[in-house]
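Below are the chains, spelled out letter by letter.
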Amino acid sequence: MSWILLATLGQFINAIVAIFDKYIVSDEKVLPRPFVYAFYSCLFTAFWVVVYLIGFIPGLSALGVPTFNNVEAPSLQIVAMSFLAAYTFFIALVSMFNALKHGDASSTLPIIGSVSALSSFGLSYLFLGTELQDSFIIGVILLSVGTLLVAQTLPKISVLLYVVHSGLFFALHYITMKGLFLETNFDNGFFWSRVGLLLFTVSL
């Protein structure tokens, strides 16, 4: 059950970040275009590869801290999946920031999360061969109702398109990352996904 705690913590941190994102993308003087903010967000995210330097401290690698010892030359498939993960993440951010710019965080983000979750289930079944249990339909209903209760009001159609688009591409990103970790170990997959994100972002 530890993964549930990690996922909950991750969503809580995402909520805090989203509040700051809303203030940043809403200020035309600070940020004229959400594309620019997505660019710098991806650039900063790519530099998380420095966490591998911590792995040189004796004993930390045994606690699960990534280490360069588990990084190896990537295959063509790993390179392709790393760049696909970078592309889908960037596009999802651009759409999310556009949604935040024109809508409320309290109404857009819950729907993005819901679309992302539902799409991830479907794409996992389609591409990763994940078996959907009988409780899936119940989960879909509860997730949909919960999203509407949290969002309270649906955003405008123009904003809703950004929201759905962002949710779909976040789901594609998660599925690609899952496939990458199935293809290789975590340290290797995370390293090359960050390298792919850095190279993709700089190429823009």
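Residues numbered from 1 in each chain as written. Predicted model: local features only at pLDDT ≥ 70, side-chain atom pairs only at ≥ 80, totals over all residues. Heavy atoms only, no water.

**Student:** Which parts of the structure should I look at to understand the packing of aromatic side chains?
**Tutor:** For any pair of aromatic rings, the description consists of the separation of the ring centres together with the inter-plane angle of the planes. Counted according to the given criterion, the structure contains 15 aromatic pairs. Note on Tyr52 and Phe68: the rings are 5.3 Å apart at their centroids and 35° apart in plane angle, and the pair reads as tilted. Of this pair, Tyr52 sits in helix H3 (residues 51–54) while Phe68 sits in the loop between H3 and helix H4 (76–102); the two residues are 16 residues apart in sequence, bridging distant segments of the chain. By relative accessible area, Phe68 is classed as partly exposed at 31%. Ring centres 6.4 Å apart and planes at 70° place the aromatic pair Phe89 and Phe170 in the edge-to-face group. Of this pair, Phe89 sits in helix H4 while Phe170 sits in helix H7 (residues 157–183), and the two are 81 residues apart along the sequence. The pair formed by Phe89 and Phe170 is uniform in burial state, with each residue classed as buried. Joined through ring pairs, the aromatic side chains of Tyr52, Phe68, Phe181, Phe186, Phe190, Phe191 and Trp192 make up one cluster. (Phe/Tyr/Trp six-rings, centres within 6.5 Å; stacked < 30°, edge-to-face > 60°. Helix = DSSP H or I, 4+ residues; strand = E, 2+ residues; numbered from the N terminus. Buried < 20%, exposed > 50% of the residue type's maximum accessible area, 1.4 Å probe, protein only.)

**Student:** Can you help me understand the side chain of Ser166 in this one?
**Tutor:** Checked against the element boundaries, Ser166 lands in helix H7. Classification of Ser166 by relative accessible area gives buried; the value is 0%. Residues contacting Ser166, with those up to four places away along its chain left out, are Ala92, Ser95, Met96 and Ile112. (Contact = heavy atoms within 4.5 Å.)

**Student:** Hey, could you run me through the packing of H4 against helix H5 (residues 105–128) in this one?
**Tutor:** The packing of two helices is summarised by the inter-axis angle and the distance between the axes. At their nearest, the axes of H4 and H5 sit 8 Å apart, and the two run at 155° to each other. If you check the angle between H4 and H5, you find them roughly antiparallel. Where H4 crosses over H5, the handedness of that crossing is right-handed. Residues Met96, Ala99 and Leu100 of H4 form the contact with H5, whose own contacting residues are Ala105, Thr108, Leu109 and Ile112. (Axes fitted to C-alpha atoms, helices over the stretch in contact; angles between N-to-C directions. Parallel < 35°, antiparallel > 145°, perpendicular 65-115°, else oblique. Left-handed = near helix turned anticlockwise from the far one by under 90°.)

**Student:** I tried to follow the packing of helix H2 (residues 34–46) against H4 on my own but got confused; where do I start?
**Tutor:** Running from N to C, H2 and H4 cross one another at 135°; their axes reach a closest spacing of 9 Å. Classified by the interaxial angle, the pair formed by H2 and H4 is oblique. Our pair here, H2 against H4, has a crossing hand that is right-handed. Contacts between H2 and H4 pair Pro34, Phe35, Tyr37, Ala38, Phe39, Ser41, Cys42 and Thr45 from the former with Phe89, Phe90, Leu93, Val94, Phe97, Asn98 and Lys101 from the latter.

**Student:** Sorry, what's going on with the environment of Ala15 here?
**Tutor:** Within the fold, Ala15 resides in helix H1 (residues 2–26). For the pair formed by Ala15 and Leu109, sequence separation is 94 residues and the distance between their alpha carbons is 8.4 Å.

**Student:** Can you help me understand H1 in this one?
**Tutor:** Side chains that are three or four residues apart share a direction in an α-helix, a result of its 3.6 residues per turn. Counted at 1.5 Å a residue, the expected span for H1 with its 25 residues is 36 Å, and the 36 Å between its end C-alpha atoms agrees. Against the buried residues of H1 lie H2, H4 and H5. (Expected span 1.5 Å × (residues − 1).)

**Student:** Help me understand the nonpolar core in this model?
**Tutor:** Phe90, Leu93, Met96, Phe97 and Phe170 are the most contacted members of the largest nonpolar core, which has 27 residues in total. For this core, the secondary-structure elements that each account for two or more residues are H2, H4, H5, H7 and helix H8 (186–203). Other than its neighbours up to four places away in sequence, Phe90 contacts Phe35, Ala38, Phe39, Cys42, Phe200 and Leu204. (Core = buried A, V, L, I, M, F, W, Y, C linked by side-chain atoms within 4.5 Å.)

**Student:** Is there a simple way to explain the environment of Ile175 in this structure?
**Tutor:** Residue position: Ile175 is located in helix H7. A residue is classified by how much of its surface remains accessible, and Ile175, at 10% relative accessible area, is buried. Along the primary structure Ile175 and Phe121 are separated by 54 residues, whereas in three dimensions their C-alpha atoms are 9.2 Å apart. Setting aside chain neighbours within four positions, we find Ile175 in contact with Ser120, Leu123, Ser124 and Leu128.

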